[in-house]
Amino acid sequence: MTNWIDLYIAIIGHEPEPKQILLATLTPLFIVTLGIEYWLMRRRGQLKHFQLKDIATNFSLGASYQAVEMVYHIIFLGALFAFVWNFRLTTVEMTLPMWGVLLFSQEFFYYWFHRASHRIRWFWCAHVVHHSSEHMNLSTAMRQSMTYSLNLSQLFWLPLILLGFPPAAVMVAYSINLAYQYFVHTEAVGCCSPLVEWLFNTPSHHRAHHGRNPIYIDKNYGGILIIWDRLFGTFQAERDDTPVDYGIPRQIVSNNLLTINFHEWRDMLRDVLRPGPLSQRLAHLWKPPEWRRPSSEQTSPDMEIA
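All of the points below concern the structure found in this document. Everything numeric in this text was worked out from a predicted model, so none of it was measured. (Residues numbered from 1 in each chain as written. Predicted model: local features only at pLDDT ≥ 70, side-chain atom pairs only at ≥ 80, totals over all residues. Heavy atoms only, no water.)

### Comments concerning the overall build of the protein
Alright, step 1. On a plain count of helices and strands, the protein comes out with twelve helices and two strands.
Alright, step 2. Starting at the N terminus and ending at the C terminus, the protein contains elements arranged as α-α-α-α-α-α-α-α-α-α-β-α-α-β.
Alright, step 3. A compact globule built from 306 residues would reach a C-alpha radius of gyration of about 19 Å, and the protein, at 20 Å, matches this within 12%.
Alright, step 4. Along the longest, intermediate and shortest principal axes, the C-alpha atoms of the protein span 55 × 55 × 40 Å.
Alright, step 5. In the protein, which comprises 306 residues, the proportion classed as buried is 48%.
Alright, step 6. Within the protein, counting contacts between residues at least 6 apart in sequence, those at least 24 apart form 72% of the total. (Helix = DSSP H or I, 4+ residues; strand = E, 2+ residues; numbered from the N terminus. Rg over C-alpha atoms; globule rule 2.2 N^0.38 Å. Buried < 20%, exposed > 50% of the residue type's maximum accessible area, 1.4 Å probe, protein only. Contact = heavy atoms within 4.5 Å.)

What follows is the structure, encoded as structure tokens:
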């Protein structure tokens, strides 16, 4: 066994998909930079958002997310991408310029995937996990849901495959996007130069994205770039007079992996099963997370109202 990929194939009997390869390869870098961030914030006396239980939960959520994604790729996703590939309009040769086109195009589709993950409850049920921490440090980037596979969010990448970009290349572009985003989950970096802040998703922009303050909710969906938010009216700069309050409006208070992963699915299902017109019951699947039926009072047990 010359490397972890050979070991993976020997155990699983299947090659890992490109996203798993890149993110797993970068994991040592992620851990080292988390250590540097901790050291830097300790020197500044700003360790408020470094809570051991929270960081351990983030690592556990990241590991469970990767494990489920691995199984999902083997059972379903690889076959889905191969099927869609048969209907591609053309075949894109992945030259260096076309990699640039793919990364830019993937960022566009990522913006809509991310926006849908906030504004459509079905997708929010998975994405809420990432926002459920009340702390911000690099480990928060690892706070991912194992149910991303269940909600079929990979459908957002199918247009790129239909356009002729190879599925493996699309997954590499997606993983590059995710890898970049790891480094914007921090309070160690303030604002960058005006040009960088105008063009890219920065730690400042992403801190605002994680805020549950009314001014910050559902803003700054970009992964690498912030231009789509500026274009489509979802940009909000971090404000000195409004410190970011991290978390979700209906805060879940738990370090239990099952509770964190499934609390919103449970609440959505409970809303769907409540008596009423079928059209309104099903609307809970595609309406925004905060939507309530007309003249209805709904509460979610075991939740702390922020």
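### Focus: helix α7 (residues 167–182)
Alright, step 1. In a regular helix each residue adds 1.5 Å, so 16 residues correspond to 22 Å; α7 covers 23 Å between its end C-alpha atoms and thus fits that length.
Alright, step 2. For α7, every residue scored as buried is listed here: Pro167, Ala169, Val170, Met171, Ala173, Tyr174, Ser175, Asn177, Ala179, Gln181 and Tyr182.
Alright, step 3. Residues of α7 that are buried in the fold lie against α2 (18–43), α3 (52–85), α4 (96–119), α6 (158–162) and α9 (203–209). (Expected span 1.5 Å × (residues − 1).)

### Some points on the pattern of salt bridges
Alright, step 1. One pass over the structure, following the stated rule, counts eleven salt bridges.
Alright, step 2. Measuring nitrogen to oxygen at the nearest pair gives 2.7 Å for the salt bridge that ties Asp241 to Arg239.
Alright, step 3. Across the salt bridge formed by Arg270 and Asp267, the nearest N and O atoms sit 3.2 Å from each other. Of this pair, Arg270 and Asp267 both sit in helix α11 (residues 257–273), separated by three residues, roughly a single helical turn.
Alright, step 4. Because the salt bridges share partners, they merge into one network encompassing Arg119, Asp218 and Glu290. (Salt bridge = Lys/Arg side-chain N within 4 Å of Asp/Glu carboxyl O.)

### Here we look at unusual backbone geometry
Alright, step 1. For Asp218, which is not glycine, the phi torsion reads 60° and is therefore positive.
Alright, step 2. Examined against the element boundaries, Asp218 turns out to sit in the loop between α9 and α10 (227–232).
Alright, step 3. Even without a glycine there, the phi angle at Asn220 is positive, about 60°.
Alright, step 4. Looking at Asn220, the relative accessible area reads 0%, which means it is buried.

### Considering the side chain of His135
Alright, step 1. Along the chain, His135 falls in the loop between α5 (121–131) and α6.
Alright, step 2. Within the structure, the side chain of His135 is placed 3.3 Å from the side chain of His49, a separation counted as a polar contact.
Alright, step 3. What His135 contacts, discounting residues up to four positions off in sequence, is Lys48, His49, Gln51, Asp54, Thr140 and Tyr246. (Polar contact = N/O pair within 3.5 Å; in protein donor to acceptor, adjacent residues only side chain to side chain.)

### Looking at the environment of Pro97
Alright, step 1. By the element assignment, Pro97 lies in helix α4.
Alright, step 2. Taking the C-alpha atoms as reference points, Pro97 and Asn261, 164 residues apart in sequence, are found 39 Å from one another.

### Things to note about the nonpolar core
Alright, step 1. Counting residues in each nonpolar core, the largest one holds 27 residues, and the members touching the most others are Phe81, Leu102, Phe113, Trp157, Ile161 and Val170.
Alright, step 2. Elements represented by at least two residues in this core include exactly α3, α4, α5, α6 and α7.
Alright, step 3. At seven residues, α3 tops the list of elements feeding residues into this core.
Alright, step 4. Sequence-distant contacts of Leu102, defined by excluding residues within four places in its chain, comprise Met94, Leu160, Phe165, Ala169, Val170 and Ala173.
Alright, step 5. Membership of the second largest hydrophobic core comes to twelve residues, among which are Phe50, Ala141, Met142 and Ala188. (Core = buried A, V, L, I, M, F, W, Y, C linked by side-chain atoms within 4.5 Å.)

### Quick word on the packing of α11 against helix α12 (residues 278–286)
When two helices pack together, you describe them by how their axes are tilted relative to each other and by the distance separating the axes.
Alright, step 1. Between α11 and α12, whose axes approach to 8 Å, the crossing angle comes to 160°. Judged on the interaxial angle alone, α12 and α11 are roughly antiparallel. α12 is crossed by α11, and the crossing has right-handed handedness. On the side of α11, the interface is formed by Met268, Asp271, Val272 and Leu273, while α12 contributes Arg281, His284 and Leu285. (Axes fitted to C-alpha atoms, helices over the stretch in contact; angles between N-to-C directions. Parallel < 35°, antiparallel > 145°, perpendicular 65-115°, else oblique. Left-handed = near helix turned anticlockwise from the far one by under 90°.)

### Some points on the packing of α4 against α7
Alright, step 1. In the contact formed by α4 and α7, the axes pass within 9 Å of each other and the chain directions differ by 65°. Taken together, the axes of α4 and α7 lie roughly perpendicular to each other. Considering only the axes of α4 and α7, their crossing is right-handed. Contacts between α4 and α7 involve Trp99, Leu102, Leu103, Gln106, Glu107, Tyr110 and Phe113 from the first element and Ala169, Val170, Val172, Ala173, Tyr174, Ile176, Asn177 and Gln181 from the second.
Alright, step 2. Residue composition of the contact of α4 with α7, by class: eleven nonpolar, three polar and one charged. (Nonpolar A, V, L, I, M, F, W, Y, C, P; charged D, E, K, R; others polar.)

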